[in-house]
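# Structure assessment
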Amino acid sequence: GAVVSQHPSRVICKSGTSVKIECRSLDFQATTMFWYRQFPKQSLMLMATSNEGSKATYEQGVEKDKFLINHASLTLSTLTVTSAHPEDSSFYICSAQPGQGETQYFGPGTRLLVL
Amino acid sequence: KQEVTQIPAALSVPEGENLVLNCSFTDSAIYNLQWFRQDPGKGLTSLLLIQSSQREQTSGRLNASLDKSSGRSTLYIAASQPGDSATYLCAVIREYGNKLVFGAGTILRVKS
């Protein structure tokens with residue numbers, strides 16, 4: 001089956017630093033990748049949609065300059081949390097979609113803790 | 001704006017019991033509906049996907065139904081097992097769209 005990986009699985013950083021999270025589709029090419037954020041006991045909230053080779057589309061209320069997304073290839077998307085603050089601590093999950101209208105395959109998530 | 005609601009928020013049942021999880025959505029113009037399972041601190045596993053033209057899907061002990069006109073879906077789990085303990089999420093994609101809109105989930109605990 002389709003597998004999506006995320007790296008790192010867990011990261012702890014100091015306030016003010018930047019953190020990069022990678023999302024890879026291992027056995028398929030993904031025209032579209034999605035980034036979600038999940039706070040404790042809450043559901044997933046879509047942050048942005050990225051298509052390979054083009055700028056990401058951000059959801060309302062998500063700061064594009066704070067959450068930089070790069071979709072450099074059909075198998076890799078990165079999310080960089082710039083100048084992280086404690087309120088950015090969350091569970092970040094990506095998903096990858098092989099084609100328009102197809103199912104999304106989810107990564108295992110990355111737990112970010114900003115001290 | 002599409003809103004997805006799941007009831008109950010939490011459920012605790014003894015092993016072997018059959019159970020039903022409920023999902024409702026406000027905009028019936030959906031492309032499909034999916035049920036996911038999420039274990040603590042983990043990503044999502046897709047359980048069942050129902051296209052808007054379908055009424056139900058079955059996989060093993062799981063059966064999901066969809067009533068698009070009334071904006072409702074149910075996930076039926078037969079003969080529940082402790083290994084079924086997880087959070088179950090319902091999500092919809094609107095017609096001509098890509099974006100999944102999730103409900104808050106139902107936390108299920110099956111006691112042995």
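Residues numbered from 1 in each chain as written. Chains lettered and ligands numbered in written order. Predicted model: local features only at pLDDT ≥ 70, side-chain atom pairs only at ≥ 80, totals over all residues. Heavy atoms only, no water.

### Remarks on the pattern of salt bridges
- By the definition in use, this model includes 5 salt bridges over all chains.
- For the salt bridge of Lys99 of chain B with Glu59 of chain A, the shortest nitrogen-to-oxygen distance reads 2.8 Å. Here Lys99 of chain B, found in the loop between strand E9 (86-94) and strand E10 (100-102), pairs with Glu59 of chain A, found in the loop between strand E6 (57-58) and strand E7 (67-73), and the two come from separate chains.
- With a closest N to O distance of 2.9 Å, Asp84 of chain B and Arg61 of chain B form a salt bridge. (Salt bridge = Lys/Arg side-chain N within 4 Å of Asp/Glu carboxyl O. Helix = DSSP H or I, 4+ residues; strand = E, 2+ residues; numbered from the N terminus.)

### A closer look at the interface of chain B and chain A
- Contacts between the two partners involve 17 residues from chain B and, on the opposite side, 20 residues from chain A.
- Note on chain B versus chain A: buried area summed over both sides is about 1,400 Å², and carbon and sulfur give 51% of it.
- One can count 1 salt bridge joining chain B with chain A.
- Where chain B packs against chain A, one counts 5 residue pairs in polar contact (both at pLDDT 80 or more).
- Counting residues per element, the ones that place at least two in the side of chain B that touches chain A are strand E4 (30-38), strand E5 (44-51) and E10 of chain B.
- Here the side of chain B that touches chain A gets 4 residues from one element, more than from any other, and that element is E4 of chain B. (Contact = heavy atoms within 4.5 Å. Buried area = accessible area lost by both parts, 1.4 Å probe. Polar contact = N/O pair within 3.5 Å; in protein donor to acceptor, adjacent residues only side chain to side chain.)

### Some thoughts on unusual backbone geometry
- The linkage connecting His7 of chain A with the following residue, Pro8 of chain A, adopts the cis geometry, with an omega of 0 degrees.
- Take Pro8 of chain A: it is sitting in the loop between strand E1 (4-7) and strand E2 (10-13).
- Looking along the chain, the bond that leaves Ile7 of chain B and enters Pro8 of chain B is cis, with omega of -5 degrees.
- Among the structural elements, Pro8 of chain B can be located in the loop between strand E1 (4-7) and strand E2 (10-14).
- Notably, Ser83 of chain A is not glycine yet its phi reads approximately 45 degrees, a positive angle.
- Structurally, the position occupied by Ser83 of chain A is in the loop between strand E8 (76-81) and strand E9 (90-97).
- Ser83 of chain A sits in the partly exposed class, given a relative accessible area of 32%.
- Even without a glycine there, the phi angle at Ala79 of chain B is positive, about 45 degrees. (Buried < 20%, exposed > 50% of the residue type's maximum accessible area, 1.4 Å probe, protein only.)

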